[in-house]
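Each chain is listed here by its residues.
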Amino acid sequence: MVTVLLPGPLRGEAGGASRLSITAVGTLRAVLDELAAHHPRLSRRIRDERGELRRYVNVFVDGEDCRHSGGLATPVGDGAEVQVLPSVAGG
């Protein structure tokens, strides 16, 4: 089981949940594919039309930025935590 942690701005797309349990393990792509099956609106906020991570969304697997550890091919084991953080802009 993998735990996906969601910040406040994304919780509305997941029925208000701050944590989601996902049974898929193996890669980040597998986790996000299962997430998309259950929460398609949330998935569209995380991935683009090609299924790639949106440029303004940061995803961490057990605290490691996935962009530096394999992107969607990042290994995700049983018990892992995946944290999704949209970038915040402002001035």
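What you are looking at is a predicted structure, and each value in this text was computed from that prediction instead of being measured.

J.: Describe the overall build of the chain, and please don't skip the residues or the numbers.
T.: Each helix and strand in the chain was counted, giving 3 helices and 7 strands. Its helices and strands taken in sequence order, the chain reads β-α-β-β-α-α-β-β-β-β from the N to the C terminus. For the chain, the C-alpha radius of gyration of 12 Å lies close to 12 Å, the compact-globule estimate for 91 residues. Referenced to the eigenvectors of the C-alpha coordinate spread, the extents of the chain come out at roughly 35 × 30 × 25 Å. With 91 residues in all, the chain has 40% of them scored as buried. When the accessible surface of the chain is totalled, it reaches about 5100 Å², and 49% of it is carbon and sulfur. Treating the 11 positive side-chain charges of the chain as one cloud and the 11 negative ones as another, the clouds have centres 8 Å apart.

J.: So what about the sheet that holds strand S2 (residues 19–22)? Which residues, and what values?
T.: In space, the 5 strands of this open sheet follow the order S2-S1-S7-S4-S5, with mixed pairing throughout. Edge strands, defined here as strands with exactly one partner in the open sheet, are S2 and strand S5 (64–65). Here strand S4 (residues 57–61) runs beside strand S7 (residues 81–86); their pairing, made up of 5 bridges, is antiparallel. Counterpart to Val 61 in the pairing with S7 is Val 82. Relative to S2, helix H2 (residues 28–38) is tilted by about 110 degrees, and along the sheet it contacts strand S1 (2–5), S2, S4 and S7.

J.: Report on H2, specifying residues and quantitative values.
T.: Looking only at H2, the buried set comprises Leu 28, Val 31, Leu 32, Glu 34 and Leu 35. Seen end-on, H2 carries its buried residues on one side only, within an arc spanning 160 degrees.

J.: Lay out unusual backbone geometry with the relevant residues and their values.
T.: A negative phi angle is the norm for most residues apart from glycine, just as the trans form is the norm for most peptide bonds. One non-glycine residue, Asp 62, adopts positive backbone phi at about 50 degrees. By the element assignment, Asp 62 lies in the loop between S4 and S5.

J.: Give me the lowdown on the environment of Gly 63, citing residues and values where you can.
T.: With respect to the helices and strands, the residue Gly 63 is situated in the loop between S4 and S5. Note: C-alpha distance between Gly 63 and Pro 75 (12 residues apart in sequence) is 13 Å.

What counts as what
- Residues numbered from 1 in each chain as written.
- Predicted model: local features only at pLDDT ≥ 70, side-chain atom pairs only at ≥ 80, totals over all residues.
- Heavy atoms only, no water.
- Helix = DSSP H or I, 4+ residues; strand = E, 2+ residues; numbered from the N terminus.
- Rg over C-alpha atoms; globule rule 2.2 N^0.38 Å.
- Buried < 20%, exposed > 50% of the residue type's maximum accessible area, 1.4 Å probe, protein only.
- Areas by Shrake-Rupley, 256 points an atom, 1.4 Å probe, with all protein chains shown as cover.
- Lys, Arg positive; Asp, Glu negative; His and termini not counted.
- Charge placed at Lys NZ, Arg CZ, Asp CG, Glu CD.
- Pairing = 2+ DSSP bridges.
- Contact = heavy atoms within 4.5 Å.
- Axes fitted to C-alpha atoms, helices over the stretch in contact; angles between N-to-C directions.
- Arc of directions from axis to C-beta.

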